[in-house]
Each structure stands twice: as structure tokens, then as C-alpha cells.
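A look at the structure
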Amino acid sequence: MTEIGKSIDKAIEYLLNDEVIGIPTETVYGLAGNALKPEVVVKIFEIKNRPYFNPLIVHTYSFEKSWDYVETWDARLIKLAEAFSPGPITFLLPKKKIIADLVTAGSSKVAIRIPNQALTLEILRNLPFPLAAPSANPFGYVSPTTAEHVWNNLKGKIPYILDGGPCTIGLESTIVGVENELLVVYRLGGITLEDMEKIVGKINKVHLSSSKPQAPGMLLQHYAPQKNIWVTNDLKKFLTLHSDDNLGVIFYGEILGSFKYFLNLSYNQSLTEAAQNFFDALRAIENWNVDYVVIQWFEERGLGRALNDKLKRAAVKIVNY
Ligand code: TXA
Ligand code: MG
């Protein structure tokens, strides 16, 4: 019922026929459909089991084309778009009427992103409409970074998954916007704070986690894997104090001891590589026969910031010494 394939033509045909399909992007796989047709957008919410108060990102193929959907671009956001689009960054901008309230959950702003993935850009260029696409995971579950991840979660619910290989970034896009003239970062992702500050100077407002979200998508328990995840600031010390068979370990760099259940996000401590492997790791540990899994905080810079934000949301316990 659900086919995984590499045909751009098939993907385009399904989308033209008002179907919702899985598409690759450089960040995570998306669950895509015609952003201009409310009955298709409704299907996306239903398949994902996503609450209607949580709005969708609208994907298009160029900055010029985005003007069909937005009223204005703040000058600083234009600079960021020039520097990083197509790429893992999403802009919150005043929407035009053509974008339905359903897409933005009633907000006057729409999230616009130009993904940097060859197959998906080709699809977007050939469609007469933009694509609404949340990450292609059921609501509250880990984002998919391979076509197989999407298949595991949504088989039988969508006709097609376009396979673009593993996502090269592996974390969702960074979301930025402007509030009261101030630049605000709503989600840390593929473009780092440092990257952006090189272009627009110091960004003072980073408005991320909240158990009482102001903007949707800021729910604290957004990423909730089935396994109990413990996070520590000193894995070496933690492992000398806890050595039982009920423990699995996610390393980043050096392997500290021998464990039945462990994996390594990056042997040479590359944040880029750790980001690529992170969501796959959160899926892998679900098959481990352990009660809990421990991981150390990443360094609080670059992609490490985004990874730590994910850990904060996934953790059931924090053990800082
Ligand atoms: O990398 C990505 O951004 C991926 C790929 C598929 O493009 N998409 C993605 O979508 O992560 P999703 O729906 O899983 O996360 C989008 C986030 C949500 O937290 C949502 O609340 C927020 O963006 N968002 C979307 N539109 C918004 C709007 N109009 N106002 C405020 N937040 C918005
Ligand atoms: Mg998501």
C-alpha cells in the first residue's frame, strides 16, 4: 500500500491528485501536501495525529516565489535568507490571504522554508502550489531521517515515500521571526545561533522550551521517545557510580567501558555527525533491553545547542554533578 521509491514524476502526480506523501529534505523527512487546499491540509493533520493548534511550515523553491505567500520580509530576515536559503532555516512572516488559517493555526504569520534537497526542490519547481509539510512522524514521536523511518511510522497511511537517502543535516530547521522589532529564534536547528549572528549581529531573544507554549511547537515534551533517557554532565563519573545491566549508553567520542547496549554518535566528536545520527539513535534505543539509557550533554555551542534542547525535551532525569 505504501511504496518507497525515487520517482519525482510519481511524487508530483500524487501531489497533483491531492494525496499526502513522504518527501526528503536536508533536515528531516516531511509529510507533504498542497498547502493551498484546506482539504489536503486536513489530511496532513489527521495522518500525523497532530493537534490543529500546531501550525505547518509552507515549503517553496525560492525567495522570489515566497512573495506569493507573504506580505513583507524584515530586512534582517532577508539577509538570513540570502545567507542560508535554500537550507535548514524557516522564517515566520506576515501571511497573505492565500494561506489558509488552518495552515497557520489562526496566526497572521506563516512559516516559510526553502529546503535544500535536490529531489524536493525539483518537485516544488514543477508544482503549481507550495507544500505544507510537518516532519513525517506521528505527533510526539521522533522525527524521521530516512525513508525507512517514515515507512515504519506511516505505512498504510500514505501512498508514497520519495526516498532521497539519509538526511544530511538530521535536525529540523531553525525557526526565526521578528517580534516588536526584535529578532527571535523559536527553534534551534540546522542553522546555528553563531551562523546567524555572523550575518545579523547579536541575537538576544531565543525563545525555546516551554511547558506552556506561546507559539505552538514549543511544547516541552515534544520529543518523547519510549525509553527513559537520563542526561548527565559527566558520563565518566556517572558510569563509575552506576554499572548495572539495565543501563544502555549513548556515547559521543570515546567509548567508556564495555556495555551490552551502546552506540556512538560520532567517534571523532563531530557535532555535524552527531546531529546526523541523533534521531536514528533515539529510534535504535527503543529496541534495547534496558530500563534506561544515559547520554552526556553536548557542548553548548553550534549544533550542540540544538541537540541539548532535544535532550532536555526527551529526558526523564537529569543527573548533574
Ligand atoms: O526542518 C523542518 O522544518 C521540517 C522539514 C520537513 O521541513 N519540518 C518540521 O515541521 O520540522 P514541524 O511541523 O515538525 O515543525 C514545525 C514547527 C512547529 O513547531 C510549529 O509549531 C512551528 O514550526 N510553526 C509552523 N508554523 C508556524 C507559525 N505560523 N507560527 C508559529 N510557529 C509555527
Ligand atoms: Mg515535528
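In this text, all values refer to a predicted model and were calculated from it rather than measured experimentally.

On to the domain arrangement of the chain. Domain assignment breaks the chain into domain 1 (3-170) and domain 2 (229-319). Its C-alpha centre places domain 1 at a distance of 30 Å from the equivalent point of domain 2. With 12 residues of domain 1 at the contact, the number on the domain 2 side is 7 residues. Across the domain 1/domain 2 interface, buried area totals approximately 840 Å², and carbon plus sulfur atoms make up 48% of it. Contact with domain 2 buries surface across domain 1, with Tyr 141, Val 142 and His 149 losing the most and accounting together for 49% of the total. The interface formed by domain 1 and domain 2 includes 0 salt bridges. Linking domain 1 with domain 2 are 5 residue pairs in polar contact (both at pLDDT 80 or more), by the criterion used here. The class makeup of the residues in the side of domain 1 that touches domain 2 is 6 nonpolar, 6 polar and no charged.

Taken together, the neighbourhood of ligand 1 is formed by 23 residues, with Thr 27, Asn 54, His 59, Lys 109 and Ser 173 sitting nearest. Residue Asn 54 places a side-chain N or O atom 2.6 Å away from an oxygen atom belonging to ligand 1. Contact with the protein chains removes 97% of the 680 Å² of surface that ligand 1 exposes when unbound. Those elements giving two or more residues to the shell around ligand 1 turn out to be β4 (57-59) and β6 (109-113). Top contributing element to the shell around ligand 1 by residue count: β6, with 4 residues.

What follows covers the pairing of strand β3 (residues 30-34). Where burial is concerned, most of β3 is hidden: 5 out of the 5 residues are buried. In this sheet, β3 lies alongside strand β2 (residues 21-23) in antiparallel orientation, the contact comprising 3 bridges. By the bridge assignment for β3, Gly 22 is matched with Leu 31. Hairpin connection from β2 to β3: 6 residues lie between these consecutive antiparallel strands. Alignment of β3 against strand β7 (residues 131-132), held across 2 bridges, turns out to be antiparallel. Opposite Asn 34, over in β7, you have Leu 131 as the bridge partner.

Take the environment of Asp 163 next. Here Asp 163 lies in the loop between β8 (160-162) and β9 (174-179). Given the relative accessible area of 15%, Asp 163 is considered buried. C-alpha of Asp 163 to C-alpha of Lys 6: the two residues are 157 residues apart in sequence and 5.3 Å apart in space. Residue contacts for Asp 163: discarding those within four places in its chain leaves Ile 4, Gly 5, Lys 6, Tyr 29, Leu 119, Ala 147 and Glu 148. Among the polar contacts listed, one links the side chain of Asp 163 to the side chain of Tyr 29, at a separation of 3.5 Å.

Definitions and cut-offs
- Residues numbered from 1 in each chain as written.
- Chains lettered and ligands numbered in written order.
- Predicted model: local features only at pLDDT ≥ 70, side-chain atom pairs only at ≥ 80, totals over all residues.
- Heavy atoms only, no water.
- Domains from an automatic or database assignment.
- Contact = heavy atoms within 4.5 Å.
- Buried area = accessible area lost by both parts, 1.4 Å probe.
- Salt bridge = Lys/Arg side-chain N within 4 Å of Asp/Glu carboxyl O.
- Polar contact = N/O pair within 3.5 Å; in protein donor to acceptor, adjacent residues only side chain to side chain.
- Nonpolar A, V, L, I, M, F, W, Y, C, P; charged D, E, K, R; others polar.
- Near = heavy atom within 4 Å.
- Areas by Shrake-Rupley, 256 points an atom, 1.4 Å probe, with all protein chains shown as cover.
- Helix = DSSP H or I, 4+ residues; strand = E, 2+ residues; numbered from the N terminus.
- Buried < 20%, exposed > 50% of the residue type's maximum accessible area, 1.4 Å probe, protein only.
- Pairing = 2+ DSSP bridges.

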